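# Architecture and fold: a report
Below, each chain spelled out in residue letters.
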Amino acid sequence: MSEIGRIEKTYSSQFSSFRPLFDVKSTPQFCSYRGMSAKASHSTTPNNTYLTKKALSSVDEEKLGAGNLLYQVNGTNSSLFSRNLRMLDAFDDEYGGVIVDSERLPANPNVFASMLRFSISHWKTKEKKGIWLKLPAEKSDLVPVAVKEGFEYHHAERGYVMLTYWLPKGPSMLPANASHQVGIGGFVINGNNEVLVVQEKYCAPPFSGLWKIPTGFIVESEEIFTGSVREVKEETGIDTEFVEVVAFRHVHNVAFEKSDLFFICMLKPLSTQIMVDDHEIQAAKWMPLVEFVEQPLIQQDCMFKKVIDICIARLGKRYCGLSVHQLASTFDGKTSSLYYNVVDSHHNNCIGN
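The written sequence of each chain sets the order in which its residues are numbered from 1. It should be noted that, the model being predicted, local features are given only for residues of pLDDT at least 70 and side-chain atom pairs only at 80 or more, the latter also being counted only at that level, while totals for whole chains, interfaces and linings use all residues. To obtain the side-chain values, all non-hydrogen atoms of the structure were used and water was disregarded.

Here we come to the overall build of the chain. Numbering of helices and strands starts at the N terminus; helices are DSSP runs of H or I of at least 4 residues and strands are runs of E of at least 2. If you tally the helices and strands in the chain, you get 8 helices and 18 strands. Within the chain, buried positions represent 38% of all 353 residues. Put simply, of all contacts in the chain between residues at least 6 apart along the chain, 60% involve residues at least 24 apart. For the chain, the exposed surface amounts to about 21900 Å²; the carbon and sulfur share of it is 54%. Buried residues are those whose accessible area, probed at 1.4 Å on protein chains only, stays under 20% of the maximum for their type, while exposed residues exceed 50% and partly exposed ones sit between those limits. Throughout, a residue-residue contact means that at least one pair of heavy atoms, one from each residue, lies within 4.5 Å. The Shrake-Rupley method, run with a 1.4 Å probe sphere, supplies the accessible areas, and residue values consider only the shown protein chains as cover.

Next up, the structure:
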């Protein structure tokens, strides 16, 4: 302890013997010597702002030892201080925002809080726009820390929650979460003029006993035409081939206050043997078209009835639906499914109206 006292008394004279290994303009207020460390702070500019990683671009960060600046004392290396405030690992997006690297987040909430505050301050000075912070389920304890710092919920999936922070003044310009869910219905009719219908195991009491076409939801990265074929197969065991989208419905404030797009697809049966999915389907069968249309619930519902009218018009070649075409776009470099109506004289299966 007496040795430490002598060091403190002779600090000003001893400082001249400290030679920094890196050219960093800093004013150390405490030092570590012979393995005995004192808490250190460090100012880099007259207004006491901290140097960022970019400000230290001339320094090899790996040589800094995860944020420690090394000074040489009498020919030996000693840690002068630990730079507690470090940036979160992130990269810029193409819209002037920042995406935090979710795979390199600190596990300790206190460390995360300090790094997050420092990073937000830095990004503000760089005039960044929005911050995207994806927190995996295994680091869910960081969520309240981010919310406390001003982040807002954007959306959540099974394995993560996404939060955002809009840095500029004014309303956020970040895109909102998905606004729609997409459903499909498969209208399948065989050569005997019979429609493939199902009764759902779980439904609202008013619809109990209703025979309806197989329906379901499109899953992530699934096409409308492949989703319709999949749903019919899962519920009834019938293999089908997509023909056309004959109509679609748009309605709002359905599930989770989202809007809903529902596509009615005409499909051609490739098999006949029904195998019911007993997890969600009570029964399935081939039902004569006339009997299907005459169901009271269909006759009383103007939209159900209209959908059936459209399908019947398509069967009579008095109406053309939307067939699918795979086209590539140079705009995004991806192949898209474009649904449109063209009467092809070589494959004239409908007249059009």
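Let's shift gears to the packing of aromatic side chains. Pairs were defined over the aromatic rings of Phe, Tyr and Trp, the Trp ring being its six-membered one, requiring ring centres within 6.5 Å. Orientation was assigned from the angle between planes: stacked under 30 degrees, edge-to-face over 60, tilted for the rest. Scanning the model with the defined rule gives 4 aromatic pairs in all. Summarising the aromatic geometry, the rings of Phe-242 and Tyr-339 are spaced 6.4 Å apart at their centres and angled 85 degrees between planes, so their arrangement reads as edge-to-face. With a gap of 97 residues between them, Phe-242 in strand E14 (residues 240-251) and Tyr-339 in strand E18 (residues 335-340) connect regions that are remote in the sequence. A relative accessible area of 13% means that Phe-242 is categorised as buried. When the NZ atom of lysine or the CZ atom of arginine is within 6 Å of a ring's centre and also within 35 degrees of its normal, the charge is said to sit over that ring. The residue whose ring lies beneath Lys-134 is Tyr-160, and the NZ or CZ to ring-centre distance is 4.5 Å. Above the ring of Trp-211, the side-chain terminus of Lys-285 is found at 4.4 Å from the ring centroid.

For the rest of this paragraph, the subject is the layout of surface pockets. Grid points spaced at 1 Å over the protein atoms alone were grouped into cavities, where a 1.4 Å probe fits but cannot get out, and pockets, open sets with protein on both sides within 12 Å along at least five of seven lines, with lining residues defined by an atom within 4 Å of a point. Grid points are joined across faces, edges and corners, and a volume is the space filled by probe spheres set on the points. In this structure, the largest pocket encloses a volume near 800 Å³. Forming the walls of the largest pocket are 29 residues, and the residues nearest its centre are Lys-212, Thr-215, Arg-249, Phe-262 and Phe-304. With 5 residues, the top contributor of residues to the lining of the largest pocket is helix H8 (residues 302-315). Every residue lining the second largest pocket is counted, 16 residues in all, and those nearest its centre are Glu-157, Ala-178, His-180, Gln-181 and Ile-218. Sorting the residues of the lining of the second largest pocket by element identifies strand E9 (152-157) and strand E11 (180-188) as the ones contributing at least two each. Taken together, the residues that form the lining of the second largest pocket break down as 9 nonpolar, 4 polar and 3 charged. Each residue is assigned to one of three groups, with Ala, Val, Leu, Ile, Met, Phe, Trp, Tyr, Cys and Pro labelled nonpolar, Asp, Glu, Lys and Arg labelled charged, and all others, Gly among them, labelled polar.

What follows deals with the sheet that holds strand E8 (residues 130-136). Strands sit in the order E6-E7-E8-E10-E9 across an open sheet of 5 strands; the sheet is mixed. Two strands in the sheet have a free side with no partner beyond their single neighbour: strand E6 (90-92) and E9. Neighbouring strand axes in the sheet, compared pairwise and without regard to direction, differ in orientation by 20 degrees on average. Only when DSSP finds a minimum of two bridges between them are two strands counted as paired. Direction of pairing for E9 relative to strand E10 (residues 160-166): antiparallel, over a ladder of 5 bridges. Each residue of the ladder has a partner; that of Tyr-153, found in E10, is Leu-163. Axes, fitted as lines to C-alpha atoms, cover a helix only where it is in contact. Angles between the N-to-C directions of the axes lie from 0 to 180 degrees.

Salt-bridge detection follows one rule: a side-chain nitrogen of Lys or Arg within 4 Å of a carboxyl oxygen of Asp or Glu. Scanning all chains against the criterion turns up 11 salt bridges. A salt bridge links Arg-230 to Glu-231; its shortest N-O distance comes to 3.2 Å. A residue is classified by how much of its surface remains accessible, and Glu-231, at 8% relative accessible area, is buried. The shortest N-O distance in the salt bridge between Asp-309 and Lys-305 comes to 3.6 Å. Here Asp-309 and its partner Lys-305 are both found in helix H8, 4 residues apart, which amounts to about one turn of the helix. Residue Asp-309 is classed as partly exposed on the basis of its relative accessible area of 32%. By relative accessible area, Lys-305 is classed as partly exposed at 30%. Bridged by salt links that share partners, the residues Glu-222, Arg-230, Glu-231 and Glu-234 form one connected network.

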